[in-house]
Amino acid sequence: STKKKENQANSSARIEEPQIDMELLNEEYNNWKANSQILYDFINTVNFEWPVTTAKWSDIKVETESVIRQEIFLSCRTDGSFNFPSNTWQGHPSFLIAAETEIPLAGYQIGDRLSSLSMLQSRNSKKIDIKKLIIHPGEVNCLKPWRPKKNIVASHSDSPYVYVWDLEKQSNRTYKESIEASSADFIL
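Along each chain, numbering runs from 1 in the same order as the chain's sequence is written. Two thresholds apply to this predicted model, a pLDDT of at least 70 for residue-level local features and 80 or more for giving and counting side-chain atom pairs, whereas whole-chain, interface and lining totals are computed over all residues. Only hydrogens and water are set aside; all other atoms, that is, all heavy atoms of the structure, feed into the side-chain values.

1. Focus: the overall build of the protein
The cut-off we apply is this: Each helix corresponds to a stretch of at least 4 residues labelled H or I by DSSP, and each strand to a stretch of at least 2 residues labelled E; elements are numbered beginning at the N terminus. Working definition: with a 1.4 Å probe on protein chains only, accessible area under 20% of the residue-type maximum means buried, over 50% means exposed, and in between means partly exposed. The Shrake-Rupley method, run with a 1.4 Å probe sphere, supplies the accessible areas, and residue values consider only the shown protein chains as cover.
Of regular secondary structure, the protein possesses 3 helices and 10 strands. Listing the helices and strands of the protein from first to last along the sequence gives α-α-β-β-β-β-β-α-β-β-β-β-β. Here the protein, with 188 residues, has 37% of them falling under the buried criterion. Just so you have it, the protein exposes about 12,500 Å², and 51% of that area is on carbon and sulfur atoms.

2. With respect to the sheet that holds strand S9 (residues 162-166)
Here is the rule we go by: Strand pairing is defined by DSSP finding a minimum of two bridges between the two strands.
Overall, antiparallel pairing links the 4 strands, which are arranged S7-S8-S9-S10 in an open sheet. The open sheet terminates on both sides in strands that have one partner only, identified here as strand S7 (142-145) and strand S10 (186-187). Where strand S8 (residues 152-156) lies against S9, 5 bridges are found, and the strand directions are antiparallel. In the strand pairing of S9, His156 is matched with Val162.

3. Focus on the packing of aromatic side chains
Applied cut-off: Ring pairs are drawn from Phe, Tyr and Trp, using the six-membered ring of Trp, whenever the two centres fall within 6.5 Å, and their geometry is named by plane angle: stacked under 30 degrees, edge-to-face over 60, tilted for the rest.
Per the counting criterion, the structure on display carries 4 aromatic pairs. Note on Phe82 and Phe84: the rings are 4.7 Å apart at their centroids and 85 degrees apart in plane angle, and the pair reads as edge-to-face. Judged by relative accessible area, which is 15%, Phe82 ranks as buried. Each residue in the set Phe82, Phe84 and Trp89 is aromatic and connected to the rest through ring pairs, giving one cluster.

4. A look at the nonpolar core
Quick reminder of the rule: Residue types Ala, Val, Leu, Ile, Met, Phe, Trp, Tyr and Cys, when buried and joined through side-chain atoms within 4.5 Å, form a set referred to as a nonpolar core.
The biggest cluster of nonpolar side chains holds 14 residues, and the ones touching the most others in it are Ile97 and Ile135. Sorting the residues of this core by element identifies strand S2 (67-76), strand S5 (95-104) and strand S6 (128-135) as the ones contributing at least two each. Among the nonpolar cores identified, the runner-up in size contains 10 residues, and Val140, Leu143, Val153 and Trp165 belong to it.

5. Examining the sheet that holds S6
Worth spelling out the cut-off: Here an angle of 0 to 180 degrees is reported between the N-to-C directions of two axes, which are lines fitted to C-alpha atoms, with helices fitted over the stretch in contact.
Spatially, S1-S2-S5-S6 is the arrangement adopted by the 4 strands of the open sheet, whose pairing is antiparallel. Looking along the sheet, the strands with just one partner apiece sit at the ends: strand S1 (52-63) and S6. Within the sheet, the average angular offset between the axes of one strand and its neighbour, ignoring direction, is 20 degrees. Relative to S5, S2 is paired through 10 bridges, and the arrangement is antiparallel. Its bridge partner being in S5, Phe73 is matched across the sheet by Ala98.

6. A closer look at helix H2 (residues 22-39)
Spelled out, the test is: Given a helix with a known number of residues, its expected span is that number minus one, times 1.5 Å. In this analysis the local bend is the angle between axes fitted, respectively, to the seven residues ending at and the seven residues starting at the residue.
The terminal C-alpha atoms of H2 lie 24 Å apart, and with 18 residues this matches the ideal 26 Å at 1.5 Å per residue to within 8%. Considering bend angle alone, the principal kink of H2 is centred on Lys33 and spans about 30 degrees.

7. Description of the pairing of S2
Successive side chains on a regular strand alternate, one facing one side of the sheet and the next facing the other. In terms of burial, S2 is a largely internal element, 10 of the 10 residues being buried. Alternating positions in S2 separate into two faces, Val67, Arg69, Glu71, Phe73 and Ser75 on one and Ile68, Gln70, Ile72, Leu74 and Cys76 on the other, with burial throughout. In this structure, S1 lies alongside S2, joined through 8 bridges in antiparallel fashion. Note on S2: the bridge partner recorded for Ile60 is Gln70.

8. Things to note about the confidence of the model for the protein
Do not read the fine detail of predicted coordinates wherever pLDDT is low. Put simply, the rule is: pLDDT: the predictor's confidence for each residue, scored from 0 to 100. It only takes one pair of heavy atoms within 4.5 Å for two residues to be counted as in contact.
With 80% of its residues at a pLDDT of 70 or more, the protein shows a mean pLDDT of 80. Within the protein, helix H3 (residues 119-122) has the poorest average pLDDT of any element, 37, and S9 the best, 96. Counted against residues more than four places away or in other chains, residues 112-125, with its pLDDT under 50, gives 17 contacts.

9. Points about the pattern of salt bridges
For clarity, the cut-off: One speaks of a salt bridge when a side-chain nitrogen belonging to Lys or Arg is within 4 Å of a carboxyl oxygen belonging to Asp or Glu.
Scanning all chains against the criterion turns up 6 salt bridges. For Asp59, the salt bridge identified is with Lys150, shortest N-O distance 3.3 Å. Remark: Lys150 occurs in the loop between S7 and S8 and Asp59 occurs in strand S1; sequence separation between them is 91 residues. Taking the relative accessible area as the measure of exposure, Asp59 reaches 16% and is therefore buried. Of the charged contacts in the structure, one is a salt bridge between Arg69 and Asp129, with a shortest N-O distance of 2.1 Å. On the criterion of sequence distance, the pair formed by Arg69 in strand S2 and Asp129 in strand S6 is long-range, its members being 60 residues apart. Comparing Arg69 with Asp129 shows no difference in burial state: the two are buried. Among the ionic contacts, a cluster of salt bridges with common partners joins Arg69, Glu100, Glu102 and Asp129.

Here it is, written out as structure tokens:
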């Protein structure tokens with residue numbers, strides 16, 4: 001009986017989450033950001049409020065002698081909860097993002113256009129161009145663009161359904177708390 005109480009006390013003590021030192025975390029991120037240009041040939045960052053959990057590259061839109069412009073689909077997980085019967089989010093909604101980004105071609109020298117190692121700073125405004133934001137019904141676990149028809153994207157959530165989105169027909173949504181989810185064009 002005493003051992004059982006000790007085990008319960010020990011297991012509840014292990015459940016506590018560690019405290020995160022945000023100042024240290026920000027310092028480490030800024031350190032990585034400053035040094036990443038030395039570590040990698042190319043890096044393209046964007047700061048979203050919530051972490052990106054799913055990313056899927058799609059077609060190359062434009063290719064020049066120095067860069068390609070490519071489509072990418074992203075989804076973010078939030079702390080919100082989705083109510084399927086009412087099709088609404090409580091708190092921050094999860095969303096699907098259709099975007100484009102420019103990537104330098106292999107062997108292309110960035111050269112004097114950039115001051116010292118400041119690729120991140122000089123291209124800050126055009127790193128990732130968000131073309132469409134869709135409020136997703138539930139958390140997005142999987143994304144798949146349909147190659148034959150480039151404006152069609154399928155997504156899957158925690159529900160048993162697959163949502164099919166026609167990006168040309170979907171309206172660009174505004175991100176805000178406690179909002180109704182976008183309506184998919186087709187649900188499988």
